[in-house]
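# Report on the structure
Listed here are the chains, written in short residue letters.
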Amino acid sequence: QVQLAEFGGGLVQPGGSLRLSCSASGSIFSIASMAWHRQAPGKERELVANISSIGGTNYADSVKGRFTISRDNAKNTLYLQMNNLRPEDTAIYYCRVRFPSAVVYWGKGTLVTVSS
């Protein structure tokens, strides 16, 4: 059983920055692909960015050039650096882990609010 805990959400003004962290339990974190998803009020959950076990990354078009996903396997931690935040980035952000067996785990989410 893998447990995920997200940290770093909060209220930020447009143009500001936040760094989200996702701490994962378990010793096989390094073989998993990981991702950040988000769900805005009244909308479906969407993929923000993902990172493979060897560090390959992909981003949603809406965040390219503003967000950076990274991982520290030694610390079992996933990060999302978010710069130049916009009101439309307001959402609950979820961490997701997917193992080669296709088993998936989700965190409980952290709220990001971008507002003046």
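Please read these numbers as outputs of a predicted model, since none were measured by experiment.

To continue, consider the sheet that holds strand β7 (residues 67-72). Within a sheet, adjacent strands bond to each other through the backbone by hydrogen bonds, running parallel or antiparallel. The strand order across the open sheet built from four strands is β1-β3-β8-β7, with neighbouring strands paired in antiparallel fashion. Looking at the sheet topology across the chains shown, the edges are occupied by β1 (4-7) and β7. The average undirected angle you get between the axes of adjacent strands in this sheet is 15°. Of the strand pairs in this sheet, β1 and strand β3 (residues 18-24) are connected by four bridges, and their pairing is antiparallel. In the strand pairing of β3, Glu6 is matched with Cys22.

According to the stated counting rule, one finds one disulfide in the structure shown. Each disulfide pairs two cysteine sulfurs, and for Cys22 the partner residue is Cys95, the sulfurs being separated by 2.1 Å. Sign of the S-S torsion, about -75° for the bond between Cys22 and Cys95, identifies this disulfide as left-handed. Of the two residues, Cys22 is situated in strand β3 and Cys95 in strand β9 (residues 91-98); the sequence distance between them amounts to 73 residues. Exposure remark for Cys22: the relative accessible area of 0% places this residue in the buried category.

Looking now at the side chain of Arg71. Among the structural elements, Arg71 can be located in strand β7. A distance of 2.9 Å separates a polar atom in the side chain of Arg71 from the backbone oxygen of Ser52. A polar contact is formed between the side chain of Arg71 and the side chain of Asn73, at a distance of 2.9 Å.

Cut-off values and rules
Residues numbered from 1 in each chain as written. Predicted model: local features only at pLDDT ≥ 70, side-chain atom pairs only at ≥ 80, totals over all residues. Heavy atoms only, no water. Pairing = 2+ DSSP bridges. Helix = DSSP H or I, 4+ residues; strand = E, 2+ residues; numbered from the N terminus. Axes fitted to C-alpha atoms, helices over the stretch in contact; angles between N-to-C directions. Disulfide = S-S within 2.5 Å. Buried < 20%, exposed > 50% of the residue type's maximum accessible area, 1.4 Å probe, protein only. Polar contact = N/O pair within 3.5 Å; in protein donor to acceptor, adjacent residues only side chain to side chain.

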